[in-house]
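For reference, the chains in residue letters:
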Amino acid sequence: MPASSLSTEALITASFTISPRGPFSLAEAATFGFGQRDGRDWDGVMRLAFCLDGYATHAAAEVRQDAGGEVHLALFAPAGTDLAAVRDQAARVLSLDHDATEFTRIGQRDPVIGRLQAAAPGLRPPLFYSPYEAAVWSVLSARRPARQMMQVRERLSRAHGQVFELAGEELAALPTPGQLLAVGEFPGIPADRMPRLHGVARAALDGLLDPDRLLDLGPERAMTELQSLSGIGPFYSSLIVIRGTGFTDVLPVSEPRVRDLAAQLYQLEAPPSDAEFITLAQPWKPFRTWAAVLIRAAAGRVLGGAGASAGIR
């Protein structure tokens, strides 16, 4: 089914204000760049367009932050949508559903994390819109150039999802699982990927990718379960669970880039072993996920060329 384009006048709307608990920078979130976002062309408005949790419809948001730090959301969704649910999902995507005060304290007791927080003030991990959208991205991007697949995702969303007009620009939301199941083939998506995408869509419709359900399972069980999906191995199951739900305290022990950067930041002779990395990260609890994301995102600002060469994204 082709996508339709909606102006904000065709939708029900609401405005909400979120007072962040602890430091938060919308600019850092908007320019982070990963998965469905490239992080360029920041104009003071972060535009979000996504499949609403439950995966039956779409919603969108314009997000702004004032000089006092308050975050203002203008929300748009079809008639009958629970706009409070749209607000809550947007807050989750921006990690605004957590109190960052304790994360600040981690920087006070760990000077390395403190330096990174000073280099990227108010950075919280931006998330995928949902586990479903993270799983779709995982299938699309596996062993393929990320920039190229971002373009494919954009074309797929424009053709079969929902296009919103937000703050003077169009932004397309990914097809819902039901819409995706109706897509038999699409330019730029290899033929062997479509059955995998349909498997993701069916899992979403069956409730297996409900974010609250995955949070209740806990990270280890959730990652193991998601590896039953075709095309989803350990790396991508971790991506879906951690960056699609908002777990704050999962240490990416198997991610070499974070360990390489940690070795530079902590002036170690070599990247730490699994056990050494776990010990090193003890002071980061209960925000080890956030600390690892901060390391990847801000190490280059602290280390200069050495951090940049290690790859931050």
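Every residue gets a number counted from 1 within its own chain, in the order that chain's sequence is written. Under the rules for a predicted model, residues below a pLDDT of 70 receive no local features and side-chain atom pairs below 80 are neither given nor counted, while totals for whole chains, interfaces and linings still include all residues. Computation of side-chain values: all heavy atoms of the structure, hydrogens and water removed.

### Focus: empty space enclosed by the protein
Now for step 1: The pocket and cavity definitions rest on a 1 Å grid over protein atoms only: a 1.4 Å probe that fits but cannot leave marks a cavity, an open set with protein on both sides within 12 Å along at least five of seven lines marks a pocket, and residues lining either have an atom within 4 Å of a point. Grid points are joined across faces, edges and corners, and a volume is the space filled by probe spheres set on the points. Under the counting rule described, the total for this entry stands at 1 cavity of 30 Å³ or more.
Now for step 2: The calculated volume of the largest cavity comes to roughly 40 Å³.
Now for step 3: As for the largest cavity, its lining consists of Ala203, Leu208, Leu209, Glu225, Leu226, Ser228 and Leu229.
Now for step 4: Here the nonpolar group is Ala, Val, Leu, Ile, Met, Phe, Trp, Tyr, Cys and Pro; Asp, Glu, Lys and Arg are the charged ones; every other residue, Gly included, is treated as polar. Of the residues contributing to the lining of the largest cavity, the split by class is 5 nonpolar, 1 polar and 1 charged.

### Observations regarding the nonpolar core
Now for step 1: Ranked by size, the top nonpolar core spans 41 residues in total, and within it Tyr132, Val136, Ile189, Leu197 and Leu209 carry the most contacts.
Now for step 2: Per the convention used, a helix needs a DSSP run of H or I reaching at least four residues, while a strand needs a run of E reaching at least two, with both numbered from the N terminus. Of all the secondary structure elements, the ones that give two or more residues to this core are helix H5 (131-141), helix H6 (146-160), helix H8 (193-205), helix H9 (211-217), helix H10 (219-226) and helix H11 (234-245).
Now for step 3: For this core, the leading source of residues is H5, giving 7 residues.
Now for step 4: With 30 residues, the next largest nonpolar core counts Phe103, Val253, Leu265 and Leu280 among its residues. Take the buried residues of types Ala, Val, Leu, Ile, Met, Phe, Trp, Tyr and Cys, join any two whose side-chain atoms come within 4.5 Å, and each joined set is a nonpolar core. When a residue's accessible area, from a 1.4 Å probe over protein chains only, is under 20% of the maximum for its type it is buried; when over 50% it is exposed; and in between it is partly exposed.

### Comments concerning helix H2 (residues 83-93)
Because an α-helix packs 3.6 residues into every turn, residues spaced three or four apart end up facing the same way.
Now for step 1: Taken together, the buried positions of H2 are occupied by Leu83, Val86, Gln89, Ala90, Ala91, Arg92 and Val93.
Now for step 2: The contact criterion used throughout is that any non-hydrogen atoms of two residues lie within 4.5 Å. On the buried face of H2, the contacting elements are strand S2 (12-18), strand S3 (46-51), strand S4 (58-65), strand S5 (71-77), H9 and H11.
Now for step 3: The backbone nitrogen of Ala84 has a side-chain oxygen 3.0 Å away, supplied by the residue at the start of H2, namely Asp82. Definition of a polar contact: a pair of N or O atoms within 3.5 Å, with one able to donate and the other able to accept a hydrogen when the atoms are protein atoms, and with sequence-neighbouring residues admitted only if both atoms are side-chain atoms.

The values reported here are purely geometric and, on their own, carry no functional implication.
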